[in-house]
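Examining the three-dimensional arrangement
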Amino acid sequence: MALENVILDKTMKKYGVPEWVKPYVYSYIKNDPVNAVRKGISFVDVKRKRGKISGETVELPNAIKFDLADVAHIVGLFYFGEQKVEEVIGMWSKDRHDYESKAYAEHFESMVGIEDKHLHAIKNMLNGLGKKGVEESPEIDALFEKMRSIEDWRERIIAYDLILKTSYGGTFGNIFYKVFYSVMPEYMRSFGKAFSANGAEVEWGYEEAKRIMREKEIPDERLLGLFREILPLIAVIINSNIEIARRVGIEKEVNLLMDIAIAYPMHIAEECGIDIDADKEASKIISGIKKREKLAKE
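This structure is a prediction, so every number in the text was calculated from the model and none was measured.

Some thoughts on the overall build of the chain
Per the secondary structure count, the chain includes 13 helices and three strands. Within the chain, the fraction of its 298 residues that count as buried is 51%. Residue pairs in contact within the chain that sit at least 24 positions apart in sequence constitute 75% of those at least 6 positions apart. Per element, the accessible surface of the chain, about 14900 Å² overall, is 52% carbon and sulfur.

Below is the structure:
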């Protein structure tokens, strides 16, 4: 095994990265192995280095610089998305339900409180960045219109507690926290606290989603349909901000992140016995998004 792969394997093990992620990362580094490994690791393995905010710039510990306005834009989109999450699950929690679906309605009611804490933490960060308002996003609107249309309680659990939490939430929450903590610790502490203190309710939803899949309570064909309906909308949201990544020279890293985010919930489904080729489905979704982006430019 090449030295860069050994280094990468150790780093992924340190951060608990699943085995299925390795092919995506190896594909990312193959054209420039040594530099790609160093650059990728530099986002999260910062040791004692500190980033800084100066004037109109945010500089990460690895010396990559963002315009402050771009960072505020990303955080603002995250806030707008969390507002939509709270609206949708709040609506679900009040829907008419029978005895069998009572636990699901109560779960969504509890999650409204947790999402509200997320909103307060993100708002605190926006205030710190000097951002006054939050612009709307048609891409985020499209995602949550699809979520809003789901009527089956079990499908709602899959859509929210599996797909949204691992793909959308993982991208905009956990990764953002790890990358920007060293730059804005005074704001990121409350952010991290809000997103890590979710406890048993979040775990229950995740485990219930896996149980539903393992016990085949939703047919495989319908589950595949949910992935194909929701994940492309999440990919569009990530890709709609790719220009920011291009400007600072991290387009490849963001594309890697998007690939993993889209494949993640489908790999969990595969592990639960669902008849799905997660990598093949993810590739189709990403290819479709990139094709549309290319056509829009022509």
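Picking up after the structure, the text goes on.
Considerations on the side chain of Glu86
With respect to the helices and strands, Glu86 occurs in helix α4 (residues 68-94). Although buried, Glu86 forms no salt bridge, and the nearest oppositely charged side chain, Lys94, lies 9.7 Å from it. At 3.4 Å, the side chain of Glu86 and the backbone nitrogen of Asp116 are in polar contact. Those residues in contact with Glu86 that sit more than four places away from it in its chain are Val112, Glu115, Asp116 and Leu119.

Let's talk about the sheet that holds strand β2 (residues 57-59)
Spatial ordering of the open sheet is given by β1-β2-β3, a layout of three strands whose pairing is antiparallel. Each of the sheet's edge strands pairs with one partner strand only, and the pair in question is β1 (52-54) and β3 (65-67). Strand-to-strand twist of the sheet, defined as the mean angle between neighbouring strand axes without regard to direction, takes the value 20 degrees. Sheet topology note: the β1/β2 ladder contains three bridges and is antiparallel. Paired with Ser54 across the two strands is Thr57, which belongs to β2.

Section: the confidence of the model for the chain
Across the chain, pLDDT averages 83, with 82% of residues at or above 70. When pLDDT is averaged over each helix and strand of the chain, the minimum, 58, is found for helix α8 (residues 185-196) and the maximum, 96, for helix α6 (residues 138-148).

Here is what the cut-offs are and how they apply
- Residues numbered from 1 in each chain as written.
- Predicted model: local features only at pLDDT ≥ 70, side-chain atom pairs only at ≥ 80, totals over all residues.
- Heavy atoms only, no water.
- Helix = DSSP H or I, 4+ residues; strand = E, 2+ residues; numbered from the N terminus.
- Buried < 20%, exposed > 50% of the residue type's maximum accessible area, 1.4 Å probe, protein only.
- Contact = heavy atoms within 4.5 Å.
- Areas by Shrake-Rupley, 256 points an atom, 1.4 Å probe, with all protein chains shown as cover.
- Lys, Arg positive; Asp, Glu negative; His and termini not counted.
- Salt bridge = Lys/Arg side-chain N within 4 Å of Asp/Glu carboxyl O.
- Polar contact = N/O pair within 3.5 Å; in protein donor to acceptor, adjacent residues only side chain to side chain.
- Pairing = 2+ DSSP bridges.
- Axes fitted to C-alpha atoms, helices over the stretch in contact; angles between N-to-C directions.
- pLDDT = per-residue confidence, 0-100.

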